[in-house]
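Structural overview for review
If you want the building blocks of each chain, they are given just below.
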Amino acid sequence: MTVSAGYRHLFEHHPDPLVVLGAEGQILDANRAAAVILGSEADDVAVSEWARLGLTAGGFAERRDAAADGRVVRWEFEHPMLKQAWDARLTWVPGYTLEGDGYLWIGRKATDHTQLEQVREEFVNMLVHDLRVPLGNVMNCLDLALTAWREHDATLPIEQILQIGLRSAHRMEDLINDILESARLRAQERTLSIKPVDVEAIIEEAVETVAAAAARRKQTLLMRVAPDLPSMDGDLDLLRRVLINLLANAVKFTQEGGKIVVSAKMDRDHFLFGVTDNGPGIAAEHQAHLFELFFRGDARGIRGAGIGLAYCKLAVEAHGGRIWVESILGEGASFNFTIPRDLTDHPLYVQEPQR
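First things first, this report covers the structure right here in the doc. (Residues numbered from 1 in each chain as written. Predicted model: local features only at pLDDT ≥ 70, side-chain atom pairs only at ≥ 80, totals over all residues. Heavy atoms only, no water.)

**Considerations on the environment of Glu256**
Which entries qualify depends on this criterion: Only runs of H or I of at least four residues qualify as helices and only runs of E of at least two qualify as strands under DSSP, and these elements are numbered from the N terminus.
With respect to the helices, strands and loops of the structure, Glu256 is situated in the loop between helix 8 (236–253) and strand 9 (259–266). Along the sequence, Glu256 and Arg216 sit 40 residues apart, while their C-alpha atoms lie 8.6 Å from each other.

In structure tokens, the structure reads:
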């Protein structure tokens with residue numbers, strides 16, 4: 001295949017509609033995918049070819065001149081026959097024919113773009129909600145404490161009020177940290193600060209973090225750590241946050257009076273962690289998507305931005321481990337993850353200097 005034949009093959013088989021227009025807007029060339037946009041001779045001829053490309057005579061001339069200045073001109077339009085939103089671009093192709101220049105029109109259905117915008121909008125709404133609630137708690141607590149101080153009111157439980165406000169502030173901090181850390185992990189800008197981690201101690205710390213929330217829901221928190229576990233190499237901050245996120249999720253989605261068990265053991269090559277609850281379980285069709293960013297499943301009426309589990313996946317995989325869920329509706333769920341015993345060959349490994 002010659003070079004020109006190769007380019008022709010690429011043009012014909014490009015997945016996006018490609019149309020080359022002349023200086024007056026006449027169609028000089030079109031690939032196979034453009035048939036979707038341009039239609040066939042059997043279609044309603046009252047709809048002009050320009051209209052099918054989202055153009056008018058005056059509109060084409062304006063965009064042609066802008067493209068001739070070396071700019072990529074972009075606009076959106078609704079196709080008059082397909083009743084679909086399309087994204088179009090126009091670029092200059094100098095010397096396309098012996099008679100003059102050409103202008104390449106590239107089309108793409110705006111459905112994917114629209115869906116992405118919807119996901120982003122929903123994420124922003126969820127994020128605003130997740131921040132607004134604890135922020136409101138902090139403001140209310142500060143307002144009560146300030147009022148008590150001004151009025152010298154010793155009857156208000158100031159210590160309890162401040163503790164509530166502090167917990168809410170920590171919730172905001174945790175959410176912001178998850179967002180920032182997730183972005184860094186996805187971009188592989190977050191290296192692992194490796195040092196020995198006491199497995200039982202890190203689990204105890206995670207349990208203590210969610211203990212108050214579990215007590216308010218009358219839930220039982222149990223630890224089942226295999227005896228004589230050696231210390232584990234890992235990034236303490238990332239692993240602590242993974243355990244806290246998994247436990248916080250279990251507390252949130254398990255009914256009042258439920259039971260949550262966090263476990264740890266070791267096989268020949270890995271440490272294995274698990275957070276198991278006896279809650280309502282997770283539908284099979286949702287399980288494969290739980291660790292995707294912004295995915296919230298049916299959420300059983302509970303709002304959230306869908307960041308925590310995505311963060312867990314990124315943090316575990318940054319260690320070279322894996323994370324998964326096992327669940328049967330009505331019988332609870334078990335979130336499990338592994339961390340390799342040996343991390344020295346992992347690309348994100350950075351040994352923390354000994355002190």
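Resuming the write-up.
**Digging into the sheet that holds strand 2 (residues 27–30)**
Where we set the bar: Note: two strands are recorded as paired if DSSP finds a minimum of 2 bridges between them. Each axis is a line fitted through C-alpha atoms, taken for helices only over the stretch in contact, and angles between the N-to-C directions span 0 to 180 degrees. Only heavy atoms enter the contact rule, under which two residues are in contact if any of them lie within 4.5 Å.
On the basis of which strands lie adjacent, the open sheet formed by five strands has the order 2-1-5-4-3 and antiparallel pairing. Of all strands in the sheet, those bounded by a partner on one side alone are strand 2 and strand 3 (73–78). Neighbour-to-neighbour, the strand axes of this sheet turn through a mean angle of 30°, independent of strand direction. Of the pairings in the sheet, the one linking strand 4 (residues 85–97) to strand 5 (residues 100–109) comprises nine bridges and is antiparallel in character. Each bridged residue has a counterpart across the sheet, and for Arg89 the counterpart in strand 5 is Ile106. Each of strand 1 (18–21), strand 3, strand 4 and strand 5 touches helix 4 (residues 57–68); the most contacted strand, strand 4, lies at about 60° to it.

**With respect to the environment of Val275**
Position of Val275 relative to the elements: it lies in strand 10 (residues 270–277). Placed 25 residues apart in sequence, Val275 and Ala250 show a C-alpha to C-alpha distance of 7.6 Å.

**Observations regarding the packing of helix 8 against helix 10 (residues 308–318)**
So the rule is basically this: Put simply, a crossing is left-handed when the front helix is turned counterclockwise from the back one by less than a right angle, and right-handed when it is turned clockwise. Under the scheme applied here, ten amino acids are nonpolar (Ala, Val, Leu, Ile, Met, Phe, Trp, Tyr, Cys and Pro), four are charged (Asp, Glu, Lys and Arg), and all others, including Gly, are polar.
Relative orientation of the contacting elements helix 8 and helix 10 amounts to 145°, with a least axis distance of 9 Å. Where helix 8 crosses over helix 10, the two elements pack in a sense that is left-handed. Each of Asp237, Leu238, Arg241, Val242, Asn245, Leu246 and Asn249 in helix 8 lies in contact with helix 10, whose residues at this interface are Gly308, Leu309, Tyr311, Cys312, Ala315 and Val316. Residues belonging to the contact of helix 8 with helix 10 are distributed by class as follows: eight nonpolar, three polar and two charged.

**Overview of the pairing of strand 5**
Examined bridge by bridge, strand 1 and strand 5 share four bridges and lie antiparallel to one another. Considered in strand 5, the bridge of Val19 is made with Trp105. Between the end of strand 4 and the start of strand 5, which pair antiparallel, lie two residues.

**Some points on helix 4**
Applied cut-off: The length a helix should cover is 1.5 Å for every residue beyond the first. Whether a residue is buried, partly exposed or exposed follows from its accessible area with a 1.4 Å probe, protein chains only, as a fraction of its type maximum: under 20%, in between, or over 50%, in that order. What the arc measures is the spread of directions leading from the helix axis to the C-beta atoms. Nitrogen and oxygen atoms within 3.5 Å of one another constitute a polar contact, given that in protein one can donate a hydrogen and the other can accept it, and given that sequence-neighbouring residues count only through two side-chain atoms.
Between its first and last C-alpha, helix 4 extends 16 Å over 12 residues, near the 16 Å set by a 1.5 Å rise per residue. Of all the residues in helix 4, the buried ones are Gly59, Phe60, Arg64, Ala66 and Ala67. The buried residues of helix 4 all sit within an arc of 165° when viewed along its axis, so they share a single face. Within helix 4, the exposed residues directed more than 90 degrees away from the buried face are Gly58 and Glu62. Against the buried residues of helix 4 lie strand 1, helix 3 (49–52), strand 3, strand 4 and strand 5. You can read the cap of helix 4 off the contacts: a side-chain oxygen lies 3.0 Å from the backbone nitrogen of Gly59, and it is on Thr56.

**Details of the sheet that holds strand 7 (residues 220–225)**
Strand pairing in a sheet relies on backbone hydrogen bonds, with the paired strands running either antiparallel or parallel. Read across the open sheet, the five strands follow the order 7-9-10-12-11; overall the sheet is mixed. Looking at strand neighbours, the two that pair on one side only are strand 7 and strand 11 (323–327), the edges of this open sheet. For this sheet, the mean inter-axis angle between neighbouring strands, taken without regard to orientation, is 15°. The pairing of strand 11 with strand 12 (residues 333–340) spans five bridges and is antiparallel. Along strand 12, the bridge assignment pairs Trp324 with Asn336.

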